[in-house]
Amino acid sequence: MLIYIHTKGMLREGEKVVARNKHPEETVNLILDVAFRLFIEKGYEHTSIQDIIDNLGGLSKGAIYHHFKSKEDILVAVTDRMTAESNQMLTIIRDRSDLSGKEKLKTIFKESINRSVQNDIFTVAPDFHNNPKLLFSLLHDTIEEAAPNYILPIINQGISDGSIKTDYPKQLAELILLAANVWMNPMIFDSSEKESYFKFMIFSQMLQGFGLDIVDSEMLERLQELTSIYQKNK
């Protein structure tokens, strides 16, 4: 499902990069823009540090290693930047006053899975099995950031307005996000479209057990579409 991921300033294919004297922040952003474009075009596993250097318009290998120790670190930074953008969307939905807690959860799932940038992420298809740092980052952000800061306040609101019933809001927030971001993530478990379908159905039944009928057939079709994109580009 992936309740995160958005980005801005991504270079389109064919755009040229001209290296000039830049502040460190601009150099970092340039590296991340180029790396992300190449990850999309070639896939993370098929993009080398040299590929990134060759597209930096004159910046040296030292310029990259001054800011990043490895290609994996670049991917983590790219993901962090996208997660920060996604958090803006989560904040807006969390703070809306016109929706119940249950309605907010459904809106978050729908908005997250339908973002077009998800196609880019599943095209990049990083191998989590060979990138433990990236996997740890996802787990950490899910439990330490997204669950307590975005999902838990919504569940607490739902308890107050009667749309959500649970005696364990913190644990429910973590369970929902771990299932959506990790267990249902085909990039972690290499799930086929059929396996993704089965996981989605169990996820839906689990939520209904909490009175949360917040996922639908449209989301199922979208998840299968993303799984197909991943399988084609891994």
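Up top is the structure.
No experiment lies behind these values; they were computed from the predicted model shown. (Residues numbered from 1 in each chain as written. Predicted model: local features only at pLDDT ≥ 70, side-chain atom pairs only at ≥ 80, totals over all residues. Heavy atoms only, no water.)

Caption draft 1: Structural context of the packing of aromatic side chains. Applying the stated criterion across every chain, the model contains three aromatic pairs. Centre to centre, the rings of Phe 39 and Tyr 44 are 5.1 Å apart; their planes meet at 70°, and the pair counts as edge-to-face. Judged by its relative accessible area of 3%, Tyr 44 falls in the buried class. With a centroid separation of 5.8 Å and an interplanar angle of 65°, the aromatic rings of Phe 109 and Phe 203 are classed as edge-to-face. Here Phe 203 lies in helix 10 (residues 193-209) and Phe 109 lies in helix 5 (residues 101-114), a separation of 94 residues in the sequence. Geometry around Tyr 44 places Lys 71 over its ring, the cationic atom sitting 4.3 Å from the centre. (Phe/Tyr/Trp six-rings, centres within 6.5 Å; stacked < 30°, edge-to-face > 60°. Buried < 20%, exposed > 50% of the residue type's maximum accessible area, 1.4 Å probe, protein only. Helix = DSSP H or I, 4+ residues; strand = E, 2+ residues; numbered from the N terminus. Lys NZ or Arg CZ within 6 Å of the ring centre and 35° of its normal.)

Caption draft 2: Broad picture of the environment of Ser 70. For Ser 70, the position within the fold is in the loop between helix 3 (61-67) and helix 4 (71-94). For Ser 70, a relative accessible area of 26% gives the class partly exposed. Between the alpha carbons of Ser 70 and Ile 49 there is a distance of 8.0 Å; along the sequence they are 21 residues apart.

Caption draft 3: Representation of the packing of helix 10 against helix 11 (residues 217-233) within the structure. Where helix 10 contacts helix 11, the two axes come as close as 9 Å, and the packing angle between them is 145°. Like other packed secondary-structure pairs, helix 10 and helix 11 cross with a definite hand, here right-handed. Seen from helix 10, the contacting residues are Glu 193, Ser 196, Tyr 197, Phe 200 and Met 201; seen from helix 11, they are Met 219, Leu 220, Leu 223, Gln 224, Thr 227 and Ser 228. Partitioning the contact of helix 10 with helix 11 into residue classes produces six nonpolar, four polar and one charged. (Axes fitted to C-alpha atoms, helices over the stretch in contact; angles between N-to-C directions. Left-handed = near helix turned anticlockwise from the far one by under 90°. Contact = heavy atoms within 4.5 Å. Nonpolar A, V, L, I, M, F, W, Y, C, P; charged D, E, K, R; others polar.)

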